[in-house]
Amino acid sequence: MEQPKGVDWTVIILTCQYKDSVEVFQRELEIRQKREQIPTRTLLLAVEDPEVRVGSGGATLNALLVAAEHLSARAGFTVVTSDVLHSAWILILHMGRDFPFDDCGRAFTCLPVENPQAPVEAVVCNLDCLLDIMSHRLGPGSPPGVWVCSTDMLLSVPPTPGISWDGFRGTRVIALPGSTAYARNHGVYLTDSQGFVLDIYYQGTEAEIQRCAGPDGRVPLVSGLVFFSVETAEHLLATHVSPPLDACTYMGLDSGARPVQLSLFFDILLCMARNVRREDFLVGRPPEMGQGDADVAGYLHGARAELWRELRDQPLTVAYVPDGSYNYMTNSASEFLHILTFPGAPGAQVVHSQVEEWQLLGAGSSVVSCLLEGPVQLGPGSVLQHCHLRGPIHIGTGCFVSGLDVAQSEALHGLELHDLVLQGHHVQLHGARSRAFTLVGRLDSWERQGTGTYLNMSWSQFFQKTGIRDWDLWDPDMPPMERCLLSARLFPVLHPSRALGPQDMLWMLDPQEDGNKALRAWRASWRLSWEQLQPCLDRAATLASRRDLFFRQALHKARHVLEARQDLSLRPLIQAAVREGCPGPLMATLDQVAAGVGDPGVAARALACVADVLGCMAEGQGGLRSGPAANPEWVRPFSYLECGDLARGVAALAEERDKWLSRGAVEGGLHLCGDRTSSILAGAALAALQRAAGRAMGTEALIHAVLHLEQVLTTGGGWQDQVGGLMPGIKVGRSRAQLPLKVEVEEVTVPVGFVQKLNDHLLLVYTGKTRLARNLLQDVLRSWYARLPAVVQNAHNLVRHAEECAEAFRQGSLPLLGQCLTSYWEQKKLMAPGCEPLAVRRMMDVLAPHVHGQSLAGAGGGGFLYLLTKEPRQKEALEAVLAKTEGLGNYSIHLVEVDTQGLSLRLLGTETSA
């Protein structure tokens, strides 16, 4: 199914809690703008929340104000006006709270999915999936307004969710189905038969949840997706000047206003629900606030009163998507592993990772953006992300391991991990960058509670096993109910005499051997709790490290694809390297493959990939890509290649390439043009020259000589024209995928009288459109060397189709031949987009009712069109048809016959065969 047209966003805003992360996430948005080809006119903003705990509602109001300010400034206004919302599509994405399994939050949590058809290769994170859903599934068709999307959930939405926007006003929430059991820990909408929201329950009672259930027993879950019409957005924006809601924005905080924690769903939206009464709404408290904030109840009462006044009259409706799914990314390691793995799957899900075929990856496990060397074993249901590991390493079942590099691999040797979460973190401590490592159990709870476990055992068991005491972890005056995993100073971040590694946590699993030494080293380290560690996380270094590892494994992939001669396209990887500013290492790897492989075919493909890198860097600024041709600066490199010295030739090419790149423009001053050398004309010329020199050359040798000549002239081309024009009759040519190239020709036997019948139904039309096949042919070759999936499949279809065409000749079937012609032309257009001029298409459409089939000869782009007519001898009839058609230009129709003689030479009045 064709993907719906995407939303042309006016503004995309990503809200985040930490000031030092704003620039980091701004850059990530800009990377996606290049990668996903988001229009440059779309304003991308990463915006800091006014306070860490202003809630989703406060963050929404602040982001809306920032969007209105930027749009007002863009429109030339000197004050903020809501008028700019009337022609704007705004998307607000909330980063949400800290996430224990990814230092950059749920939005940048990487998923074990990939899109083989994507034009740019990249690791897919939750933010990418949500942007795609909002841009191509939920957003299309919506009127101007403001979309708000949380990033703390995984969504699945069908391509056409069937949401109607006819007559819409107010606010609309998107609900996805869930079971009543799942709803006990989440939000759910109560609606009437017209789709109006009556109430919103969070962790509702059994009776409340059942009241929301539909006939299938499922309930509409609060999914984190909201759309505000322009009218409602204006009302919401108006509250930013009213105390105490002004404290939700940076403007209020600038004036010293007291922050207020506001929920998007249980403050802003709840006041629009039809069954909610004012008195109940004013005294309620949102789930985000928790139970320990009674002192701000009065403050929240005033904020809710302002929301009621502005928004109560706005209708709130639900769009229910029954075929979608919703999974909140909780702080439970077990649940997180469940959504990242594939229970029951026959093998591992390996995405953007380089692993050896003999490495043991358990069923249902997943590996994302990793480079694994040596013996590595991964148990069922375990996850590896962003790791470069060198075995022997054995990771058992139920583990999540992330952020480890080769330097930390040794700490895992000899261990077998089970039901554990081991993570490496980039941190900044007083401006100095370092690494820290955390280890927790899969069953441990990250909730704030006085009881719980650590490393899947009770605290008392842990203390007894390791020798650690409660005063090592918590201050003596800390209340017992606050002593939990979140507040425990477990994780070393600095040691006075050495760098830290995973071993500084892993010793706790088996402290019997040399346990006292490890305990003393642990106690000597500066340690932080998970809560204390969060503000120290270096998110810029984390994302940079992930990007570096992605390209490191990508270089291994590129080398393997080329050396193993895999029909896998490297074009998406090339696009990624160029758009993210690191094409140098990729070109160096391609040079190494070309110089060292010893296989001319592999070397040619590697060098074609280098040319693709340069073409992507040029971004079309150098005109049509035609290559260096006979430029004298490239003579020396080519001379090495011609004599078979690949190493020196590739090195010389790289040297010249570096000179061109250092000039500040790629291909920018190179403009080459030339004429298409006809293959048949070249064959005739070579045959004449050979004959004049007194040499005998058979037709088979002539076919190969023309092929060589066209490469020397840089026009490219294959051998099909020579076979068709130099050899007589009806034939099929074949060549194996090997060097040296050898063309084999088989004569096709046809029924008696069929050649004459074919002559009576065959016409040739000069289209009046000249063509230059050189660039067209080069683009075809580049696409083949790039192994674009559509081109590879089409090439296989062309081979199969040629055999089917030969069979049609053997049967003597004109209709079947006509189908072959038409199919062949469609395949040629797939191989070379742009080879069909509009005037030619118009001509073919006019002729279609009168022919069995038709196709442009040669590479397309113009030239001659050949027809197989339904009726015999149709030259005059078709001339009359074309004469009635406007805009065809200087065309002509010609009679044509099958050549039964082949190439012949006439020398001094004597005719001789070639």
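Residues numbered from 1 in each chain as written. Predicted model: local features only at pLDDT ≥ 70, side-chain atom pairs only at ≥ 80, totals over all residues. Heavy atoms only, no water.

### Here's the deal with the overall build of the protein
Using the following cut-off: Labels follow the DSSP assignment, with helices taken as runs of H or I lasting at least four residues and strands as runs of E lasting at least two, numbered in each case from the N terminus. Relative accessibility decides the category of a residue: with a 1.4 Å probe and only protein chains considered, values under 20% of the type maximum give buried, values over 50% give exposed, and everything between is partly exposed. In this description, accessible areas are obtained by the Shrake-Rupley approach with a 1.4 Å probe, and a residue is regarded as covered only by the protein chains that are shown. For the purpose of counting charges, residues Lys and Arg are taken to be positive, whereas Asp and Glu are taken to be negative. His and the chain ends are not included. Taken as the charge centre is NZ of Lys, CZ of Arg, CG of Asp or CD of Glu, depending on the residue.
On a plain count of helices and strands, the protein comes out with 32 helices and 35 strands. Principal axes of the C-alpha set define a box for the protein whose edges measure 115 × 70 × 55 Å. Sorting the 914 residues of the protein into buried and exposed places 51% on the buried side. Counting only carbon and sulfur atoms, one obtains 54% of the accessible surface of the protein, whose full area is about 41,100 Å². Side chains of the protein give 79 positive and 98 negative charges; the mean places of these two sets differ by 4 Å.

### Things to note about the pattern of salt bridges
For the record, the criterion: For salt bridges, the criterion is a side-chain nitrogen of Lys or Arg within 4 Å of an Asp or Glu carboxyl oxygen.
Going through the model one piece at a time under the given rule, you end up with 46 salt bridges. Across the salt bridge formed by glutamate 655 and arginine 636, the nearest N and O atoms sit 3.4 Å from each other. Taken together, the residues glutamate 655 in helix 23 (residues 646–661) and arginine 636 in helix 22 (residues 635–642) connect sequence positions 19 residues apart. One connected set of salt bridges, linked through shared partners, spans Glu28, Arg32, Arg35, Asp128, Arg547 and Glu580.

### Examining the sheet that holds strand 21 (residues 416–417)
In sheet architecture, strand pairing relies on hydrogen bonds along the backbone and comes in two forms, parallel and antiparallel. Rule in force here: Only strands joined by at least two bridges in the DSSP assignment are considered to pair.
Ordered in space as 13-16-19-21, the 4 strands form an open sheet in which the pairing is parallel. Only two strands of the sheet have a single partner each, and these edge strands are strand 13 (360–361) and strand 21. Alignment of strand 19 (residues 393–395) against strand 21, held across 2 bridges, turns out to be parallel. Bridged to isoleucine 395 within strand 21 is leucine 417.

### Looking at the sheet that holds strand 32 (residues 864–869)
Note the threshold: Between N-to-C directions, angles cover 0 to 180 degrees, with each direction set by a line fitted to C-alpha atoms, over the stretch in contact for helices. Two residues form a contact once any of their heavy atoms are found within 4.5 Å.
With antiparallel pairing, 4 strands are arranged side by side in an open sheet as 31-32-30-33. The sheet is open, and its two edges are formed by strand 31 (851–856) and strand 33 (892–895), each paired on a single side. For this sheet the average axis-to-axis angle between neighbouring strands, irrespective of direction, equals 25°. One ladder, built from 4 bridges, connects strand 30 (residues 762–766) with strand 33; its direction is antiparallel. Bridge pairing links leucine 764 to histidine 894 in strand 33. Of the strands in this sheet, strand 31 and strand 32 touch helix 30 (residues 814–831), which is tilted by about 30° from strand 31.

### Observations concerning the confidence of the model for the protein
Put simply, the test is: Confidence of the prediction at every residue is given by pLDDT, a number between 0 and 100.
Of all residues in the protein, 93% attain a pLDDT of 70 or more, and the chain-wide mean is 88. Per-residue pLDDT stays below 50 along residues 668–676; that stretch engages in 21 contacts with residues further than four places along the chain or on separate chains.

### As for the nonpolar core
For the record, the criterion: Take the buried residues of types Ala, Val, Leu, Ile, Met, Phe, Trp, Tyr and Cys, join any two whose side-chain atoms come within 4.5 Å, and each joined set is a nonpolar core.
Core analysis: the largest hydrophobic core is formed by 82 residues, its most contacted members being Phe25, Leu91, Phe108, Leu138 and Trp147. Ranked by residue count, the leading element in this core is helix 21 (residues 600–618), at 8 residues. Residues Phe99, Leu389, Trp446 and Leu485 belong to the second largest nonpolar core, which totals 66 residues.

### What about helix 25 (residues 699–712)?
Put simply, the test is: To estimate the expected span of a helix, count its residues, drop one, and scale the result by 1.5 Å. The arc refers to the directions leading from the helix axis to the C-beta atoms.
Between its first and last C-alpha atoms helix 25 spans 20 Å; for 14 residues at 1.5 Å apiece the expected length is 20 Å, and the two agree. Taken residue by residue, helix 25 has Leu702, Ile703, Val706, Leu707 and Glu710 as its buried positions. Taken around the axis of helix 25, the buried residues stretch over an arc of 145°, which confines them to a single face. Seen from the buried face of helix 25, the exposed residues on the opposite side, beyond 90 degrees, are His708 and Val712. Its buried side turned inward, helix 25 meets helix 24 (679–692), helix 26 (720–726) and strand 29 (743–747).

### Here we look at the side chain of threonine 239
Here threonine 239 shows up in the loop between helix 6 (230–238) and helix 7 (250–254). Among all residues touching threonine 239, those that are not within four sequence positions of it are Leu61, Leu245, Asp246 and Glu310.

### Thoughts on unusual backbone geometry
Cis rather than trans, the peptide bond between proline 243 and proline 244 has omega equal to 0°. Following the sequence through the fold, proline 244 ends up in the loop between helix 6 and helix 7. With an omega dihedral of 15°, the bond running from glycine 391 to proline 392 counts as a cis peptide bond. One can find proline 392 in the loop between strand 18 (388–390) and strand 19. Positive phi, close to 50°, is recorded for serine 369, a residue that is not glycine. Within the secondary structure, serine 369 sits in the loop between strand 14 (366–368) and strand 15 (371–373).

### Some thoughts on the packing of helix 19 (residues 571–579) against helix 21
As a reminder of what qualifies: Working rule for angles: under 35 degrees goes down as roughly parallel, over 145 as roughly antiparallel, 65 to 115 as roughly perpendicular, anything else as oblique. With the far helix as reference, a near helix turned anticlockwise by less than a right angle produces a left-handed crossing, and one turned clockwise produces a right-handed crossing.
The geometry of helix 19 relative to helix 21 is characterised by a closest axis approach of 9 Å and an angle of 45° between their N-to-C directions. With respect to their mutual orientation, helix 19 and helix 21 come out oblique. Crossing hand, helix 19 versus helix 21: right-handed. Residues Arg571, Ile574, Gln575 and Val578 of helix 19 touch helix 21, and the partners they reach there are Cys609, Asp612, Val613, Cys616 and Met617.

### As for the environment of glycine 105
Within the secondary structure layout, glycine 105 lies in the loop between strand 3 (89–94) and helix 3 (126–138). For the pair glycine 105 and glycine 467, spaced 362 residues apart in sequence, the C-alpha separation works out to 33 Å.

### Describing the packing of aromatic side chains
Where we set the bar: In this scheme Phe, Tyr and Trp rings, the latter by its six-membered ring, pair at centre separations within 6.5 Å, and the angle between planes marks the pair as stacked below 30 degrees, edge-to-face above 60, and tilted otherwise.
Tallied over the entire structure, the rule returns 26 aromatic pairs. A centroid spacing of 5.4 Å and a plane angle of 80° characterise the contact between phenylalanine 99 and phenylalanine 336, whose relative ring orientation is edge-to-face. Taken together, the residues phenylalanine 99 in the loop between strand 3 and helix 3 and phenylalanine 336 in helix 11 (residues 333–340) connect sequence positions 237 residues apart. A residue is classified by how much of its surface remains accessible, and phenylalanine 99, at 1% relative accessible area, is buried. Ring plane angle 90° and centroid distance 4.9 Å describe the contact between tyrosine 454 and phenylalanine 462, whose orientation is recorded as edge-to-face.

### As for the side chain of arginine 35
Along the chain, the position of arginine 35 falls in helix 1 (residues 22–35). For arginine 35, a relative accessible area of 7% gives the class buried. Beyond its immediate chain neighbours, meaning those up to four positions away, arginine 35 contacts Val120, Ala122, Val123, Asp128, Arg579 and Glu580.

### As for the environment of glutamine 117
Note on placement: glutamine 117 falls in the loop between strand 3 and helix 3. Of the residues examined, glutamine 117 reaches a relative accessible area of 59% and is grouped as exposed. Taking the C-alpha atoms as reference, glutamine 117 lies 43 Å from tyrosine 454; in sequence the two are 337 residues apart.

### Considerations on the environment of leucine 412
By the secondary structure assignment, leucine 412 is in the loop between helix 12 (406–409) and strand 21. In this structure the C-alpha to C-alpha distance between leucine 412 and asparagine 331, which are 81 residues apart in sequence, comes to 25 Å.

### Remarks on the state of the cysteines
The condition is simple: Criterion for a disulfide: a pair of cysteine sulfur atoms within 2.5 Å.
Throughout the structure, instances matching the rule amount to 0 disulfides. Counting only cysteine sulfurs, cysteine 110 is the nearest neighbor of cysteine 125, a cysteine outside any disulfide, at a range of 5.8 Å. Using a relative accessible area of 2% as the deciding quantity, one classes cysteine 125 as buried.

### Here we look at the packing of helix 2 (residues 55–74) against helix 6
One way to put it is that helix 2 packs onto helix 6 with a least axis distance of 10 Å and a crossing angle of 105°. What the angle tells us is that helix 2 and helix 6 run roughly perpendicular. Across from Thr60, Leu61, Leu64, Leu65 and Ala68 in helix 2, the residues of helix 6 making contact are Ala233, Leu236 and Leu237.

### Overview of helix 27 (residues 754–761)
Among all positions in helix 27, only Phe754, Leu758, Asn759 and His761 are buried. Those residues of helix 27 that are buried lie in contact with strand 30, helix 29 (789–811), helix 30 and strand 32.

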